[in-house]
Amino acid sequence: HGIACLGLATEVNKLNFKEKKKIIELVAEISDGSLPLVVTISGKNFKEYTKLVELAEFYNASWIVFQPILKKNTTDKDCFKFFNKIIKVVDNNTLVGIQNAKEYIGVGLESSEILKLYNKFTNFRAIKGEASAVLIEKEIKKYPKNLRVYNGRGGQEIIDNLLAGCSGIIPSLEGTDRFLKIYKLIQQKRIIDAKKI
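Since we're looking at a predicted model, the values are computed, not measured.

Caption draft 1: Expanded view of helix H3 (residues 46-58). Given a rise of 1.5 Å per residue, 13 residues ought to cover 18 Å, and the 18 Å separating the end C-alpha atoms of H3 matches this to within 8%. Where H3 is concerned, the buried positions are Glu 48, Tyr 49, Thr 50, Leu 52, Val 53, Leu 55 and Ala 56. Those residues of H3 hidden inside the fold are in contact with helix H2 (17-31), strand S2 (37-41), strand S3 (63-66) and helix H4 (76-86). Just beyond H3, the residue with positive phi is Asn 60, at close to 55°.

Here it is, written out as structure tokens:
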């Protein structure tokens, strides 16, 4: 369990650089190393991404999740090129994830491209999806065991996601207390109790 910031659809493309910087600073200071810190990074250009990576690393983020850079007419190929370029900026000791949400934002990577990144970068070991549990299960089967797949979507289908092989979910905050209980029950194979919650 950890705390993630800047991954919600309400934040990602609606905050300016200063606001994103302030949220990272606040979350890092308040959590004060008591929980692993995950920072989702998006920006208007490569330079902005780089500055946010530096800030996340300054605050000892456990891992960084990259949103693809979205411009008019962005293609799947553009996403792959961008991830291939931006992952190099991150320190090798920091875990890197990418948001792969083709069903949600219209562009993303195929499993073959994800595997290319996995083989090229030893710190690229996480994916945050935004797909149904059915689709995410098909994807997980194509990946090595140490490529952790998380799902978002506000925690929808949490039980199905965990049973499909997700390492966890990265939800919005409102249901965190319930999600933690469900997660623990699934780990104990108490599926009926988890479904009740």
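Caption draft 2: Structural view of the nonpolar core. Counting 41 residues, the largest nonpolar core has Ile 41, Phe 66, Phe 83, Ile 87 and Phe 124 as its most contacted members. Of all hydrophobic cores here, the second largest spans nine residues; its members include Ile 158, Ile 169, Leu 185 and Ala 194.

Caption draft 3: View of the sheet that holds strand S7 (residues 168-169). Taken in spatial order, the seven strands of this open sheet run S1-S2-S3-S4-S5-S6-S7, and their pairing is parallel. Looking along the sheet, the strands with just one partner apiece sit at the ends: strand S1 (3-5) and S7. For strand S5 (residues 124-129) and strand S6 (residues 148-151), the ladder comprises four bridges, and the chain directions are parallel. Counted as the bridge partner of Lys 128 is Tyr 150 from S6. The sheet contacts of helix H6 (residues 111-120) involve strand S4 (95-100) and S5, and relative to S5 the element is tilted by about 150°.

Caption draft 4: Quick look at a nonpolar patch on the surface. Residues Leu 70, Tyr 104 and Ile 105 make up a contiguous nonpolar surface patch of about 270 Å² in total accessible area. Assignment of secondary structure puts Leu 70 in the loop between S3 and H4. You can call Leu 70 partly exposed: its relative accessible area is 37%.

Rules used throughout
- Residues numbered from 1 in each chain as written.
- Predicted model: local features only at pLDDT ≥ 70, side-chain atom pairs only at ≥ 80, totals over all residues.
- Heavy atoms only, no water.
- Helix = DSSP H or I, 4+ residues; strand = E, 2+ residues; numbered from the N terminus.
- Expected span 1.5 Å × (residues − 1).
- Buried < 20%, exposed > 50% of the residue type's maximum accessible area, 1.4 Å probe, protein only.
- Contact = heavy atoms within 4.5 Å.
- Core = buried A, V, L, I, M, F, W, Y, C linked by side-chain atoms within 4.5 Å.
- Pairing = 2+ DSSP bridges.
- Axes fitted to C-alpha atoms, helices over the stretch in contact; angles between N-to-C directions.
- Patch = residues over 30% accessible without salt bridge, like charges linked within 9 Å, V, L, I, M, F, W, Y side chains within 5 Å.
- Areas by Shrake-Rupley, 256 points an atom, 1.4 Å probe, with all protein chains shown as cover.
- Salt bridge = Lys/Arg side-chain N within 4 Å of Asp/Glu carboxyl O.

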